[in-house]
Amino acid sequence: MATFTVLGLSHWQIFRIFLLEGLILLIIGIILGMPIAFYLSKLFFMSFDTELFRFPVMIYFDRLYESAIIMLVFFAISYAVVLRFIYKTVWQELLNVRE
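Procedures and definitions
- Positions within a chain are numbered from 1, following the residues in the order the chain's sequence is written.
- Owing to the predicted nature of the model, reporting of local features is limited to residues with pLDDT of at least 70; listing and counting of side-chain atom pairs is limited to 80 or more, with chain, interface and lining totals taken over all residues.
- Just so you know, side-chain values use all the structure's heavy atoms and leave hydrogens and water out.
- A run of H or I in DSSP counts as a helix once it spans at least four residues, and a run of E counts as a strand once it spans at least two, with each numbered from the N terminus.
- To estimate how far a helix should reach, multiply one less than its number of residues by 1.5 Å.
- Residue burial is assigned from relative accessible area. The probe radius is 1.4 Å, only protein chains are included, and a residue is buried under 20% of its type maximum, exposed over 50%, and partly exposed in between.
- Side-chain atoms within 4.5 Å are what join buried Ala, Val, Leu, Ile, Met, Phe, Trp, Tyr and Cys residues into a set we call a nonpolar core.
- A residue's bend is the angle separating two fitted axes: one through the seven residues that end there, the other through the seven that start there.
- Note on contacts: a residue pair is in contact if any heavy atoms of the two residues lie within 4.5 Å.

Caption draft 1: Examining helix H3 (residues 61-88) more closely. Between its first and last C-alpha, H3 extends 41 Å over 28 residues, near the 40 Å set by a 1.5 Å rise per residue. Looking at H3, one finds that the buried residues are Ala68, Phe75, Tyr79 and Ile86.

So this is what it looks like as structure tokens:
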């Protein structure tokens, strides 16, 4: 982050770089994670499928939406902390090298 400051970027521009990177990773994680989690849970419950026990896989899509919204909320909270860190840090002191 100090390098971005030296290059002349403002605090908001630095935050936008990290925000876009995080959003891209979050969206990819949600898109890939939901189907993978469904099939892994299906595989897990199929391993318990015997004559004594049967565990049907019942995943409700409204629960998937709720989990995606919870992920977005935690993402917003974590990036609020990042924004606070960017604005509170004195970058000039970090860049001075003491020998």
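Caption draft 2: Geometry of the nonpolar core. Ile14, Phe15, Leu26, Ile30, Met34, Ala68, Phe75, Tyr79 and Ile86 together form the largest nonpolar core, which totals nine residues. Counting residues per element, the ones that place at least two in this core are helix H2 (11-46) and H3. Here this core gets five residues from one element, more than from any other, and that element is H2.

Caption draft 3: Geometry of H2. With 36 residues, H2 extends 51 Å from end C-alpha to end C-alpha; this agrees with the ideal 52 Å at 1.5 Å per step. The axis of H2 is deflected most strongly, by about 30°, at glycine 33, and proline proline 35 appears within four residues downstream. Where H2 is concerned, the buried positions are Ile14, Phe15, Gly22, Leu26, Ile30 and Met34. Here the buried face of H2 lies against helix H1 (2-6) and H3.

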